[in-house]
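Spelled out, the chains give:
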Amino acid sequence: MQLPRLQRRPKASAHDAAVLPLEGDSGALQDCIQDPELKLPKRASLVIMLFANALLQISFFIIVSSSNEYALHLGGTSTFSGIVIGIPTVFSGLALIPLARYDRGAYTLPLHVACGASILGHILYALAYYTNFLYLILLGRIVSGLSFTLWMYCKRYCSDPRIVGVRRRTTLASWIVIGQGVGMSLGPFAGGLFYKVGFGGRGGLVWNGFTAPAWVMAGVWVAFWAVAWKYYEDIPHEQRAFEAAPAAPVDGEVIVIQDIASTQQPVPLPPLPFRLAPQQWGVVLCMCWFAMTCFFILGAWESNIPVFGASTPPFHWSPFAAGNFLALGGATTFPFLALNLLLARRTQDRLILALGATLGLGALIVFLGLLSAGGKALNYGAVFVCWWAIALGFNLASTVTMSTLSKQLPPRWNGRTSLAIQYSNYTGRVAGAVWGGSGVAVGMRGYVGLQIGLVCVGAALSMGLWRNLKTKMG
């Protein structure tokens, strides 16, 4: 009996790469056939995942403009309103690990869980007015939190090496950020509009300014669920099994065992263990810090503006006015976020991170100066420019947190880095929403000072790791 011998499969030639079958055939761009670094998933499935991300963002923000008044009406406080805004991410984080154990490396289960939980959560939130029960709005948001687990899967989908080439990941992450911008602008605007329209008549126990946003979103999710059920196609089972095999220890080659007397297919050897170097751990820490910081600041401003605007003498904003302010700031960032789609293809991730963080930090410092000056300095135009720069800057910075890690670490680490980034986002969202709701109570200068401190820590990390943050563009 002959012993098996080790062979090395040669690197694929340019011709081989050109004829590799494209997953998704007509649904993906044709240039992916020429270069695996440019591959994309099926177009219909990609659109569904990106649209789901945008719907989740709208669901998260649509109650922001009226949640403070809703909580006060039911006997709560502004701090309780901040908890209502931020609590979904706590339970989303608790549900992520159990869900990840059953997803089998696919996305269908998380997608259906998100649709079902969103519908039920919005219904419970709306029924709180009819039952006059304060904690039902909290329960509704907790159930909605189960749907927000899909945020992690949307990020993972856009960086999944099985279906997305390395030069497409920052571009798809930019689409994720555009979804954030849609939620940040359309959500508060629609919430404020429904608040005004809902109470424009006599307003009933079921349909009124507080409940209308939730009823509408429940209906939207029902329609989206039907579309997703029909058109979404997950990663094929055979591709999941193939990609579950570890990466080879030598770039571009696969070590196989082949029996000379056997006609069986080659079998991969067990992988050599991969351990992160200290510099790589530093990059992971830096990206997680920025993921937390960006969402902490964005969440804090979104929950603080309705409270700050209602209690500050120059403004005295209603929920409708606060929603318009938030929406206008988010909407005016769209041209620049769209420009980032082109920028991402020609710019390194670390430069996008630096640009966004610098813009946001400058706006925070200016706003702190406005608060110190007081009087006429604190006017609508000045505050709006600060909010616009913060919304644009930290949305830009959040673009690269996941894509940077997916480019620097092996493909089989994609699930771990997705969880790490998502938990960082959750931490920022929860803490930011509560901090924003309490901003007036603790003092606005202290409220802004903490945010400046968080950005400065991130700046120190990125400057110390600047050379290690270099990645491929796109």
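Residues numbered from 1 in each chain as written. Predicted model: local features only at pLDDT ≥ 70, side-chain atom pairs only at ≥ 80, totals over all residues. Heavy atoms only, no water.

## Structural notes on the overall build of the protein
The condition is simple: A run of H or I in DSSP counts as a helix once it spans at least four residues, and a run of E counts as a strand once it spans at least two, with each numbered from the N terminus. In this description, contact between two residues means that some pair of their heavy atoms is separated by no more than 4.5 Å.
Looking only at helices and strands, the protein features 20 helices and three strands. For the protein, long-range pairs separated by at least 24 residues make up 81% of all intrachain contacts whose partners lie at least 6 apart in sequence.

## Topic: helix α8 (residues 150-157)
How we decide: Categorising residues by exposure relies on relative accessible area from a 1.4 Å probe, with only protein chains included: less than 20% of the type maximum marks a residue as buried, more than 50% marks it as exposed, and the intermediate range marks it as partly exposed.
Counting buried residues along α8, eight of its eight residues qualify, which places the element largely inside the surrounding structure. Along α8, the residues that are buried comprise Leu150, Trp151, Met152, Tyr153, Cys154, Lys155, Arg156 and Tyr157.

## Here we look at the packing of aromatic side chains
We count it as follows: Aromatic contacts are taken between Phe, Tyr and Trp rings whose centres are within 6.5 Å, Trp giving its six-membered ring; a plane angle under 30 degrees counts as stacked, one over 60 as edge-to-face, and the others as tilted.
For the coordinates displayed, the defined rule picks out 27 aromatic pairs. Ring plane angle 70° and centroid distance 5.7 Å describe the contact between Phe60 and Phe148, whose orientation is recorded as edge-to-face. With Phe60 in helix α3 (residues 43-61) and Phe148 in the loop between α7 (134-147) and α8, this pair connects stretches of sequence that are 88 residues apart. Take Phe60: its relative accessible area is 2%, and that puts it in the buried class. Exposure remark for Phe148: the relative accessible area of 1% places this residue in the buried category. When the centroid spacing of 4.7 Å and the interplanar angle of 35° are considered together, the rings of Trp317 and Phe325 count as tilted.

## Observations concerning the environment of Ala226
With respect to the element layout, Ala226 can be found in helix α10 (residues 212-231). Considering only alpha carbons, one finds Ala226 and Cys115, 111 residues apart in sequence, at a separation of 9.5 Å.

## Some details on a nonpolar patch on the surface
Note the cut-off: Residues enter patches when they are more than 30% accessible in relative terms and free of salt bridges; like-charged ones are connected within 9 Å and nonpolar ones (Val, Leu, Ile, Met, Phe, Trp, Tyr) within 5 Å. Residue-level accessible areas treat just the shown protein chains as cover; the underlying method is Shrake-Rupley with a 1.4 Å probe. Salt bridges are defined as contacts in which a side-chain nitrogen from Lys or Arg sits within 4 Å of a carboxyl oxygen from Asp or Glu.
Taken together, the side chains of Leu127, Tyr130, Leu205, Val206 and Trp207 make up a nonpolar region of the molecular surface, amounting to roughly 490 Å² of accessible area. Within the fold, Leu205 resides in the loop between α9 (169-198) and α10. By relative accessible area, Leu205 is classed as exposed at 52%.

## Topic: the pattern of salt bridges
Scanning the model with the defined rule gives six salt bridges in all. A salt bridge links Lys42 to Glu233, with the shortest nitrogen-to-oxygen separation between them at 2.6 Å. Of this pair, Lys42 sits in the loop between α2 (31-34) and α3 while Glu233 sits in the loop between α10 and α11 (237-244), and the two are 191 residues apart along the sequence. Its relative accessible area of 45% is what places Glu233 among the partly exposed residues. Arg156 is the salt-bridge partner of Asp103, the closest N and O atoms lying 3.7 Å from each other. With Asp103 in the loop between α5 (78-102) and α6 (108-131) and Arg156 in helix α8, this residue pair connects regions lying 53 residues apart in the sequence.

## Side note on helix α15 (residues 349-373)
Applicable threshold: Working rule for helices: expected span equals 1.5 Å times residues minus one.
Helix length check: α15, at 25 residues, gives a terminal C-alpha distance of 37 Å against a target of 36 Å (1.5 Å per residue), a fit within 8%. After α15 finishes, the residue Gly374 shows a positive phi value of roughly 65°.

## What about unusual backbone geometry?
Trans peptide bonds make up the majority, and among non-glycine residues the majority have a negative phi. At Asn132, a position not held by glycine, the phi torsion is positive, near 55°. With respect to the helices, strands and loops of the structure, Asn132 is situated in the loop between α6 and α7. For Asn132, a relative accessible area of 54% corresponds to the exposed category. The backbone phi angle of His316 is positive, close to 55°, even though this residue is not glycine.

## Notes on the nonpolar core
How we decide: To qualify as a nonpolar core, a set must consist of buried Ala, Val, Leu, Ile, Met, Phe, Trp, Tyr and Cys residues joined through side-chain atoms within 4.5 Å.
Of all hydrophobic cores here, the largest spans 120 residues; its most connected members are Ile137, Leu150, Phe224, Trp301, Leu364 and Phe367. With 17 residues, the top contributor of residues to this core is helix α12 (residues 278-311). Not counting residues up to four positions away in its chain, the partners in contact with Leu150 are Met49, Ala52, Leu56, Pro110, Leu111 and Ala114. The next biggest cluster of nonpolar side chains, apart from the first, holds six residues, and it includes Val177, Ile178, Leu341 and Leu392.

## So, the packing of α3 against α9
Heads up, the rule is: Axis geometry follows a simple rule: fit a line to the C-alpha atoms, using only the stretch in contact for helices, then measure angles between N-to-C directions, giving values from 0 to 180 degrees. Less than a right angle of anticlockwise turn of the near helix away from the far helix marks a crossing as left-handed, whereas a clockwise turn marks it as right-handed. Think of it as three bins: nonpolar holds Ala, Val, Leu, Ile, Met, Phe, Trp, Tyr, Cys and Pro, charged holds Asp, Glu, Lys and Arg, and polar takes everything else, Gly as well.
Between α3 and α9, the least distance of the axes is 7 Å, while the angle of their chain directions is 35°. Pair α3 / α9 crosses with right-handed handedness. Residues Leu46, Leu50, Asn53, Ala54, Gln57, Ile58 and Phe61 of α3 touch α9, and the partners they reach there are Leu172, Trp175, Ile176, Gly179, Gln180, Val182, Gly183, Met184, Leu186, Gly187 and Pro188. Its residues assigned to classes, the contact of α3 with α9 comprises 12 nonpolar, six polar and no charged.

## Details of the side chain of Ser59
Just so we agree on the cut-off: In protein, a polar contact requires one atom able to donate a hydrogen and another able to accept it; more generally it is a pair of N or O atoms within 3.5 Å, and residues adjacent in sequence count only if both atoms are side-chain atoms.
Take Ser59: it is sitting in helix α3. Residue classification places Ser59 among the buried residues on the basis of a relative accessible area of 2%. In terms of polar contacts, Ser59 uses its side chain to reach the side chain of Trp221, at 2.9 Å. Residues within four places of Ser59 in sequence aside, it is in contact with His122, Arg141, Phe148, Met217 and Trp221.

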